[in-house]
Amino acid sequence: MQEQKLTWGQALRVYLKPRVLTMFFLGFSAGLPLLLVFSTLTAWLRDYGVSRTAIGFFAWVGITFSIKVLWAPVIDYLRLPFMTRWLGKRRSWMLVSQLGVSLGLLGMAYLNPQLALTQVAVLAVWVAFCSASQDVVIDAYRIEAVDKDLQGAMAANYVFGYRVALLVAGAGALYIAELANWSVSYATMAGLMSVGVVTTLLVAEPDHAYIKDRAEPFQHEWVDRVLGSGEHSPMKEWFVRAVACPFIEFFQRNGRFALVLLLFIGIFRLSDIAMGVMANPFYLDLGFSKTDIAEIGKVFGFFCTIIGSFLGGLLVVRYGIMRPLILGAAMVAATNLLFAHLAQVGPDRTWLAIVISADNISGGISNAVFIAYLSSLTNQAYTATQYALFSSLMTLPGKFISGFSGIVVDAQGYAQFFIYVAILGTPAVLLAIFLWWRERRLGEPEPKVT
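Residue numbers run consecutively from 1 along every chain, following the written order of its sequence. Under the rules for a predicted model, residues below a pLDDT of 70 receive no local features and side-chain atom pairs below 80 are neither given nor counted, while totals for whole chains, interfaces and linings still include all residues. Side-chain numbers come from the whole structure's heavy atoms, not from hydrogens or water.

## Structural notes on the overall build of the protein chain
Counting from the N terminus, the helices are the DSSP runs of H or I reaching at least four residues and the strands are the DSSP runs of E reaching at least two. Summing up its helical and strand segments, the protein chain has 26 helices and zero strands in all. Contacts: residue pairs with any heavy atoms within 4.5 Å of one another. Partitioning the contacts of the protein chain with sequence separation of at least 6, the portion at a separation of at least 24 is 82%.

In structure tokens form, the structure reads like this:
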């Protein structure tokens, strides 16, 4: 049967559906904490005179986002006393994680990093843990709340809200810190988490009975052997169904080549993440003001990222996924050389705009294409858990390596550091080329976004 095409007006009206519209606000709630425990936090620490070596170690706070797959099955299984009965399976966890983020940011607002650096680190880890938990449950909600034909619109609104939140937590937090102080800035961000809280209280819980009816259970001889005979506890069945099956299915479907795919996922954003923790300290040490960073690095960079994401989507539609994936990996690695040049030029606003535009456009392209690629690797029966695995793995190596970035900068300077980071991106480019060549050799169609 020929697929019926929507008119442009019908397609645009999809974004006005209530559940699709609410994804903007949930995306905002998900994106707000990220920079507050990453680049904005590093600017705050550097502004208070914390050493670059210590700031580099704060990058390990981000590892929390990279291991969220470890407790994702718990969020999927555990019922919260009173909360689950009141709000439902997804909204209860959503509300608890949002309140946890807000309280953690509020606690950070009343600390002085010079006097209580350890307490700042502990609260940063707490905020990251609650934020990562929120990511897991919002992803699950997004997948379960609507049918497949609306998933593209749901994802688009989520990404838009997420990007707006990054602008607020980046440029907005820096503006407030410049006009008032860092305590006011972080307290304001804690208050803005109410956007997610109010949205959670207003949205409806997905119909889990319908979801269960339409789900197709995964069949595997090990699963049948473990659960097929004799009595077993609910915990054992949960572990097999919720934890083991998504991973077994992925490796069964891809065989040994699954290890190559996981390696590629782990290294694709290596250069991008490894340099991120040093970006704001680099701008400040070079002589740029917080206003310069907010106006050029955050606001101008925001629009460049949106342009890059749009271009990435067009490239996927026109050329498939694999060739734009190679382009994105190469661009992200190459733009680090522009940062090395900026380190030699000094605090020139024109060059900062050039570097920021190149970095954010290339990042927007690569991220849009990479999300499409990860989506093509998932089995829709286990989308939440498998996507949590991929999204965790894609940041873990970069977060670990970035913890040593301050040591490299202190020892050899910013210019040499950015050259090293550019070299770190080379394996991702080579492996992307290999994956493209392998698909052409096997005659397989390129992964498509559905």
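## Side note on unusual backbone geometry
At phenylalanine 82, a residue that is not glycine, the phi angle is positive and equals roughly 70°. Mapped onto the elements of the fold, phenylalanine 82 is located in the loop between helix H6 (72-77) and helix H7 (83-87).

## Quick look at the pattern of salt bridges
When a carboxyl oxygen of Asp or Glu is within 4 Å of a side-chain nitrogen of Lys or Arg, the pair counts as a salt bridge. Under the definition given, this model contains eight salt bridges. Two residues, aspartate 292 and arginine 349, come together in a salt bridge whose shortest N-O distance is 2.3 Å. Separated by 57 residues along the polypeptide, aspartate 292 in helix H19 (residues 290-319) and arginine 349 in helix H21 (residues 349-377) bring together distant segments of the chain. Overlapping salt bridges, with partners in common, bring together Arg46, Arg52, Asp285 and Asp410 in one network.

## Description of the environment of glycine 406
Position of glycine 406 among the secondary structure elements: in helix H24 (residues 405-412). Along the primary structure glycine 406 and phenylalanine 417 are separated by 11 residues, whereas in three dimensions their C-alpha atoms are 9.2 Å apart. Residues contacting glycine 406, with those up to four places away along its chain left out, are Arg52, Thr53, Gly56 and Met278.

## Observations concerning the confidence of the model for the protein chain
With 85% of its residues at a pLDDT of 70 or more, the protein chain shows a mean pLDDT of 82. The predictor rates its confidence in each residue with pLDDT, a number between 0 and 100. Helix H1 (residues 8-13) is the least confidently modelled element of the protein chain, averaging 56 in pLDDT, while helix H11 (residues 182-192) averages 95, the highest of any element.

## A short note on the packing of aromatic side chains
Ring geometry is summarised as follows: Phe, Tyr and Trp rings, the Trp one being its six-membered ring, pair when their centres sit within 6.5 Å, and such pairs are stacked at plane angles under 30 degrees, edge-to-face over 60 and tilted between the two. Counting across every chain of the model gives 27 aromatic pairs. Geometrically, the ring pair formed by phenylalanine 400 and phenylalanine 404 is edge-to-face, given 5.5 Å between the ring centres and 80° between the ring planes. A relative accessible area of 46% means that phenylalanine 400 is categorised as partly exposed. The class for phenylalanine 404 is partly exposed, based on a relative accessible area of 35%. Note on tyrosine 414 and phenylalanine 418: the rings are 6.4 Å apart at their centroids and 20° apart in plane angle, and the pair reads as stacked. Taken together, the residues tyrosine 414 and phenylalanine 418, both in helix H25 (residues 414-424) and four residues apart, mark about one turn of the helix. In this scheme, a residue with accessible area under 20% of its type's maximum is buried, one over 50% is exposed, and one in between is partly exposed, where area comes from a 1.4 Å probe on protein chains only. Residue tyrosine 414 is classed as buried on the basis of its relative accessible area, which comes to 12%. What makes phenylalanine 418 buried here is its relative accessible area of 0%. Within the aromatic cluster, the residues linked to one another by ring pairs are Phe282, Tyr283, Phe339, Tyr414, Phe417 and Phe418. Sitting above the plane of the phenylalanine 257 ring, arginine 438 keeps its charged end 3.6 Å from the centroid. The rule is short: NZ of Lys or CZ of Arg within 6 Å of the ring centre and within 35 degrees of the ring normal puts a charge over the ring.

## Structural notes on the nonpolar core
Counting residues in each nonpolar core, the largest one holds 119 residues, and the members touching the most others are Leu105 and Tyr373. Counting residues per element, this core draws most heavily on helix H9 (residues 117-145), which supplies 11 residues. Apart from residues lying up to four places away in sequence, tyrosine 373 is in contact with Leu261, Phe264, Ile321, Met322, Leu325 and Leu435. The term nonpolar core refers to a set of buried residues drawn from Ala, Val, Leu, Ile, Met, Phe, Trp, Tyr and Cys, joined through side-chain atoms within 4.5 Å.

## A few points about the environment of valine 136
Looking at the secondary structure, you find valine 136 in helix H9. In contact with valine 136, other than residues within four places in its own chain, are Lys68, Ala72 and Ile75.

## Some words on the environment of serine 309
In this fold, serine 309 is placed in helix H19. Spatially, the C-alpha atom of serine 309 lies 9.9 Å from that of valine 159, the residues being 150 residues apart in sequence. Beyond its immediate sequence surroundings of up to four residues, serine 309 is in contact with Gly364, Ile365 and Ala368.

## Here we look at helix H12 (residues 194-202)
Listed as buried for H12 are Gly196, Val197, Thr199 and Thr200. All buried residues of H12 fall inside an arc of 165° around its axis, so they share one side. Its buried side turned inward, H12 meets helix H2 (18-36) and helix H8 (89-109). Arc definition: directions from the helix axis to the C-beta atoms.

## A look at helix H16 (residues 257-268)
Compared with an ideal rise of 1.5 Å per residue, which puts 12 residues at 16 Å, H16 spans 17 Å between its outermost C-alpha atoms and is within 8% of the ideal. Of all 12 residues in H16, nine are buried; the element is thus mostly enclosed. Taken together, the buried positions of H16 are occupied by Phe257, Ala258, Leu261, Leu262, Phe264, Ile265, Gly266, Ile267 and Phe268. Here the expected span of a helix is defined as 1.5 Å times the quantity of residues minus one.

## Some details on the packing of H8 against H12
H12 packs onto H8 with a crossing angle of 165° between their chain directions and a minimal axis gap of 9 Å. The orientation of H8 with respect to H12, classified from their angle, is roughly antiparallel. Considering the relative orientation of H8 and H12, their crossing is left-handed. Contacts between H8 and H12 involve Arg91, Met94, Leu95, Gln98 and Leu99 from the former and Gly196, Val197, Thr200 and Leu201 from the latter. Residues are grouped as follows: nonpolar covers Ala, Val, Leu, Ile, Met, Phe, Trp, Tyr, Cys and Pro; charged covers Asp, Glu, Lys and Arg; every other residue, Gly included, is treated as polar. Residue composition of the contact of H8 with H12, grouped by class: five nonpolar, three polar and one charged. Each axis is a line fitted through C-alpha atoms, and for a helix only the stretch in contact is used; angles between axes span 0 to 180 degrees, taken between their N-to-C directions. What sets the label is the angle itself: under 35 degrees gives roughly parallel, over 145 gives roughly antiparallel, 65 to 115 gives roughly perpendicular, and the rest give oblique. A clockwise turn of the near helix away from the far one marks a right-handed crossing, whereas an anticlockwise turn of less than a right angle marks a left-handed crossing.

## Digging into a nonpolar patch on the surface
For patch building, the residue pool is restricted to those with more than 30% relative accessible area and no salt bridge; the joining distance is 9 Å between like charges and 5 Å between nonpolar side chains (Val, Leu, Ile, Met, Phe, Trp, Tyr). Accessibility throughout is a Shrake-Rupley quantity obtained with a 1.4 Å probe, and a residue counts as covered only by protein chains that appear here. A surface patch of nonpolar side chains, amounting to about 500 Å² of accessible area, comprises Phe57, Trp60, Phe400, Ile401, Phe404 and Ile407. Inspection of the secondary structure puts isoleucine 407 in helix H24. On the accessibility criterion, isoleucine 407 (37% relative accessible area) is partly exposed.

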